[in-house]
Amino acid sequence: MEKEIISRLNQFFQKIEIFDMRQKVIYKRLSEVEEFQNSFIQFLQIDGSFSYTKLSDIISQTQQQNTLDKQNNSLIIELEQNFNNQLKFIQDQIQQINKNEELEQSWKDKIDKDIKNISKLIEEIQQQKQQIKNIDNDRNLQNLNNPQPIKNVIFDIYSKTTKSRVVQGEFQYFIHQIQSQSELGKYYNLKLDQKKKIYSQISGFRQVRGDGNCFYTSFGFQYLQLLIDQYDQNEYDQFLNSVIKKMRFRIQYPNNKIEDEITETNLREDFIKRLNFIRDIKNKEMRIKELDKQFRAYEQEDELVDGCFYALSTIFFRNLSLYFIDQSEYKDNFLDKDTLLQWEVECNNNEIVIALLAQQLKINICVFLFDKQQFQLMEYNKEAKQKIILLLQPGHYNIGIPKIEE
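Predicted model only: the values in this text are computed from it and were never measured.

**Here's the deal with helix α3 (residues 150-160)**
Here's step 1: All of the buried residues in α3 are Ile 150, Val 153, Ile 154, Ile 157 and Tyr 158. The arc enclosing the buried residues of α3, seen along the axis, measures out at 135°, which places them on a common side.

Shown next as structure tokens:
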């Protein structure tokens, strides 16, 4: 395009030179006419014998000169038009070049931004790899000091409970994928008026594996989402230091139980390391996905996801529930204490547990109870900002996904 503009400019300047030459010719002719007129006046004054024939010749010459002047004027107008056209073309070309340069710059800026984002993502991935390496090193060191590694403890629990039953496909995972409002309506066989009330608060749901841990699965996953993603660093650190680090990690399962200090300490420390690993992921979307992968897994999936996170979470929330009971006014009258520490055993007084969890953790817990084609909403600590939704049919809990308020 630049070569074309240069060519057009050369043509333009050549035409200007031609125009200049013709203009000089015109001025010369005008000078001759003026000189002739002066001579004629002098002649009239000197020669009294001036004839009409001579006058006619002079007039004829003058007319011819006027015709020539008109032609020259027409040429001047044509040259001016050509000049304006060429000038407009050049201005348009320059404007187009400027636009192309702006477009090129915008693309450069976009590419630079993409490169920075990719570099940032690579840096985050490298940090995660280092964290994985640190966790592996910690586990190897733990294996040297502890004759029964954490994975062996967890998989011993699974082998005598979870894996002793044949479950197919998606139902093997401790929580399933997100399902829509319409699937929620079909699952709970909701009526039209029920849908209107429930859909105003719930955008979807997640099924939870059907076992005696379903309450701790439904509640625990949602609370860890808040802890990992919604709490600020001070709130996270406070919960870690004042709650998790002080909590026991006892559990009972068929023909066995864990209540020795060394194993409990190892379970607690491993749970904290896994939480910190997920929390330290800077990218929010990747952080949520990692929590989801860790919590769902029922077996070894890769170097990091080994299927243990769910068990550690369930053990923690069972012990936390018992701790809140023992600190409350119900400690002497709560008859199901033993069930709280039994793997896959339901508690018959979950209403008290839910009320205490809502109060002590300062969260709003909404329980939608579906029974005999009716539903009832029970809400605990309604004033709290953070919300957890539990979907309850007699004997089983699922996860409700709160509808985001616009």
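**Some points on the packing of aromatic side chains**
Each pair of aromatic rings is reported with the distance of its centres and the angle of its planes.
Here's step 1: If you walk through the whole model with that rule in mind, you get 30 aromatic pairs.
Here's step 2: An angle of 90° between the planes, with centres 5.7 Å apart, marks the rings of Phe 219 and Phe 317 as edge-to-face. A residue pair is termed long-range when its members are at least 10 positions apart, and Phe 219 in helix α6 (residues 214-230) and Phe 317 in helix α10 (residues 309-326) qualify at 98 residues. Across the pair, Phe 317 and Phe 219 agree in class, each one buried.
Here's step 3: Both rings, one in Phe 370 and one in Phe 375, keep their centres 6.3 Å apart while their planes meet at 35°; by these two values the pair is tilted.
Here's step 4: Take Phe 370: its relative accessible area is 5%, and that puts it in the buried class.
Here's step 5: The ring of Phe 155 has Lys 151 sitting right over it, with the charged end atom 5.7 Å from the ring centre.

**Re the side chain of His 396**
Here's step 1: By the element assignment, His 396 lies in strand β8 (residues 396-402).
Here's step 2: At a separation of 3.2 Å, a polar atom in the side chain of His 396 contacts the main-chain carbonyl oxygen of Val 208.
Here's step 3: Among all residues touching His 396, those that are not within four sequence positions of it are Tyr 187, Val 208, Arg 209, Gly 210, Cys 214 and Leu 391.

**Details of unusual backbone geometry**
Here's step 1: For Asn 255, which is not glycine, the phi torsion reads 65° and is therefore positive.
Here's step 2: Among the structural elements, Asn 255 can be located in the loop between β3 (251-253) and β4 (256-258).
Here's step 3: One non-glycine residue with positive phi stands out, namely Glu 344, at about 60°.
Here's step 4: Tracing the chain through its elements places Glu 344 in the loop between α11 (337-340) and α12 (350-361).
Here's step 5: Among the residues examined, Glu 344 registers a relative accessible area of 17% and is labelled buried.

**Structural notes on helix α5 (residues 192-199)**
Here's step 1: Here α5 has its buried residues at Gln 194, Ile 198 and Tyr 199. In a view along the axis of α5, the buried residues occupy a sector of 115°, so they form one face of it. The outward face of α5, more than 90 degrees from its buried face, is lined by the exposed residues Leu 192, Lys 196 and Lys 197.
Here's step 2: At its buried positions, α5 is contacted by α4 (181-187), β2 (202-208), β5 (364-371) and β6 (374-380).

**Re the pattern of salt bridges**
Here's step 1: With the rule as written, the count across this model stands at 11 salt bridges.
Here's step 2: Lys 337 is the partner of Asp 326 in a salt bridge, and the nearest nitrogen-oxygen pair spans 2.8 Å. Of this pair, Asp 326 sits in helix α10 while Lys 337 sits in helix α11, placing them 11 residues apart in sequence.
Here's step 3: The class of Lys 337 is partly exposed, set by a relative accessible area of 24%.
Here's step 4: Among the charged side chains, a network of salt bridges with common partners joins Asp 229, Lys 284 and Arg 287.

**Description of the nonpolar core**
Here's step 1: In terms of nonpolar packing, the biggest core is built from 71 residues, with Phe 219, Leu 275, Phe 316 and Ile 365 touching the most fellow members.
Here's step 2: In terms of residue count, α10 provides more of this core than any other element does, 11 residues in total.
Here's step 3: Discounting residues that sit within four places of it in the chain, Leu 275 has contacts with Leu 224, Leu 227, Ile 228, Tyr 236, Leu 240, Ile 244 and Phe 309.
Here's step 4: Membership of the second largest hydrophobic core comes to 12 residues, among which are Leu 184, Ile 198, Ile 202 and Phe 205.

**Focus on the environment of Tyr 188**
Here's step 1: Locating Tyr 188 in the fold gives a position in the loop between α4 and α5.
Here's step 2: A residue is classified by how much of its surface remains accessible, and Tyr 188, at 7% relative accessible area, is buried.
Here's step 3: A sequence separation of 187 residues divides Tyr 188 from Phe 375, and the C-alpha atoms of the two residues are 9.6 Å apart.
Here's step 4: Excluding anything up to four places from it in sequence, Tyr 188 contacts Phe 205, Phe 370, Leu 391, Gln 393 and Asn 398.
Here's step 5: A distance of 3.0 Å separates a polar atom in the side chain of Tyr 188 from a polar atom in the side chain of Asn 398.

Reading the values: the criteria
Position numbers for residues start from 1 in each chain and track the written sequence from start to end. Local features in this predicted model are restricted to residues whose pLDDT is 70 or higher, and side-chain atom pairs enter the listing and the counts only when it is 80 or higher, whereas totals over whole chains, interfaces and linings include all residues. The side-chain numbers reported here are obtained from all heavy atoms of the structure, hydrogens and water having been left aside. The rule is simple: take the accessible area with a 1.4 Å probe, protein chains only, and divide by the maximum for that residue type; under 20% is buried, over 50% is exposed, in between is partly exposed. We count a stretch as a helix when DSSP gives it H or I for four or more residues in a row; a strand needs E for two or more, and each element gets its number in order from the N terminus. Directions pointing from the helix axis toward each C-beta atom define the arc. Ring pairs are drawn from Phe, Tyr and Trp, using the six-membered ring of Trp, whenever the two centres fall within 6.5 Å, and their geometry is named by plane angle: stacked under 30 degrees, edge-to-face over 60, tilted for the rest. Whether a charge sits over a ring depends on NZ of Lys or CZ of Arg being within 6 Å of the ring centre and within 35 degrees of the ring normal. What qualifies as a polar contact is a pair of N or O atoms within 3.5 Å, subject to a donor-acceptor requirement within protein and to the restriction that residues adjacent in sequence count only when both atoms come from side chains. A contact between two residues is defined here by any heavy atoms of the two lying within 4.5 Å. The salt bridge criterion pairs a side-chain nitrogen of Lys or Arg with a carboxyl oxygen of Asp or Glu, the two atoms within 4 Å. Grouping buried Ala, Val, Leu, Ile, Met, Phe, Trp, Tyr and Cys residues that are joined through side-chain atoms within 4.5 Å yields what is termed a nonpolar core.

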